[in-house]
Amino acid sequence: MAQTVPAGAMWGLPDKKVRATPPKCFNIASRVQKSSIEQPLSCRVHPVAILKVLDAFVRKPEGAKRTIGTLLGWISEGSVVDITDSFPVVHKDTDEGVLMDQDYHKQMLALRQKVSPREVVVGWFSTGDEINATSAVIHSFYCTKESQFTPAAVLPGPVHLLIDTSLGHQTGIHAFVNVRTSVAESLLQFHEVPLRVQTSAAEKSGISQLMHARRATREAEATGSTPKDLAALDGFVGGLKELLKLFRRMQEYVKAVQSGKVEGDLAVGRGLTTALCAEPVMDASAVANLCNGSLQDALMVVYLSNLTQTQISIAEKISSQYNLSTEM
């Protein structure tokens, strides 16, 4: 019997999202307690911060079970915490607890703030898949002034980023905040907050260029030819080819939906409509006129710059001749 393939996978589309599980909480009910702010707290983590955590985990000392460190960033857009950077902190897990090198944390933080004064301490990270008793000790340190964490109305306590480094189907990244309780002040309650990994357009372009170089290297090895250098690859041409492939794939998907071969997805249709309506529709003649106008502007700037340079050189020659005549 032939195995059925999902329609979304045929066209390179993601599967329909299943109902998400409720946020994880420790020592508390699953419903997050409302704070004095109207907007809920959320986190945006930069890929560089995650890569540094993974790199520190790979380079951890022999016998170490996890890696901990400091998260840097700032609060933006009212209730969004941007985690832009991180660095590991030397520590040692023992049977009695955990020992941290607080001086190392302070020295690294001082060096980082010399490079980027805007970045401040927003929390700490740890590798693993659960929060244990020693996590409460580390979290208590980052709540003090010695860690140089500054409480705010939006972020009264540091963020705890938990990264699962096990070789599973997907790397688990979760963010938690501590919510104080009136039952016991010494009890730490960690609530999971929304977290998403956000990259800029320039970073996506760089990753696309690297993937294009990887594909070109594999094709060269398969054919037995010499692979091209990364500097020899034209990123603009490669981006246009990749965009053309996406357009063709979407066109095939739309035709399949119109013919009834594939069931349409409302989310995909809305996404295509938003993307097509984001830019104004222009005919070929209008684009040609814009290109010709920009070319004429560029030529005019070049002409004026050359004319200015000629006038400056003539003025210098006249001034030098006048000075010689006055001296004689």
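Note that residues are indexed from 1 along each chain, following the sequence as it is written. Reporting in this predicted model follows two pLDDT cut-offs: at least 70 for local features of residues, and 80 or more for side-chain atom pairs to be given and counted; totals over whole chains, interfaces and linings ignore these cut-offs and use all residues. With hydrogens and water excluded, all non-hydrogen atoms of the structure serve as input to the side-chain values.

Observations concerning the confidence of the model for the protein
Alright, step 1. By definition, pLDDT measures how confident the predictor is in each residue, and it falls between 0 and 100. Averaged over all residues, the pLDDT of the protein equals 79, while 81% of them reach at least 70.
Alright, step 2. Should any heavy atoms of two residues lie within 4.5 Å, those residues are considered in contact. Below pLDDT 50 for its whole length, residues 20–38 participates in 27 contacts with residues either more than four positions away or in separate chains.

Let's talk about the pairing of strand E8 (residues 159–164)
Where a strand is regular, its side chains alternate between the two sheet faces.
Alright, step 1. Of all six residues that make up E8, five are buried, and the element is covered over most of its length.
Alright, step 2. Should DSSP find at least two bridges between two strands, the strands are regarded as paired. Numbering of helices and strands starts at the N terminus; helices are DSSP runs of H or I of at least 4 residues and strands are runs of E of at least 2. With five bridges connecting them, strand E7 (residues 120–127) and E8 associate as parallel partners. Across the sheet, phenylalanine 125 pairs through a bridge with leucine 161, a residue of E8.
Alright, step 3. Note on the crossover from E7 through helix H4 (residues 133–142) to E8: the handedness is right-handed.
Alright, step 4. Here E8 runs beside strand E9 (residues 172–179); their pairing, made up of six bridges, is antiparallel. Categorising residues by exposure relies on relative accessible area from a 1.4 Å probe, with only protein chains included: less than 20% of the type maximum marks a residue as buried, more than 50% marks it as exposed, and the intermediate range marks it as partly exposed. Assignment of crossover handedness uses the view with strands pointing away from the viewer, where a clockwise path from the first strand over the helix to the second indicates a right-handed crossover.

Observations concerning the environment of threonine 70
Alright, step 1. As for its placement among the helices and strands, threonine 70 is situated in strand E3 (residues 68–76).
Alright, step 2. A sequence separation of 56 residues divides threonine 70 from serine 126, and the C-alpha atoms of the two residues are 9.1 Å apart.
Alright, step 3. Once residues within four sequence positions are removed from consideration, threonine 70 is found in contact with Asp85, Ser86, Phe87, Val89, His105, Val121, Gly123, Trp124, Phe125 and Tyr142.
Alright, step 4. Reaching out from threonine 70, the side chain makes a polar contact with the side chain of histidine 105 at a distance of 2.9 Å.
Alright, step 5. Polar contacts, as used here, are pairs of N or O atoms within 3.5 Å; protein pairs need one atom able to donate a hydrogen and one able to accept it. Residues neighboring in sequence count only if both atoms are side-chain atoms. One polar contact links threonine 70 to tyrosine 142, side chain to side chain, over a distance of 2.8 Å.

Quick notes on the side chain of threonine 127
Alright, step 1. In this fold, threonine 127 is placed in strand E7.
Alright, step 2. A relative accessible area of 5% means that threonine 127 is categorised as buried.
Alright, step 3. A distance of 2.9 Å separates the side chain of threonine 127 from the backbone nitrogen of threonine 67, its partner in a polar contact.
Alright, step 4. Other than its neighbours up to four places away in sequence, threonine 127 contacts Val53, Phe57, Arg66, Thr67, Leu162, Ile163 and Thr165.

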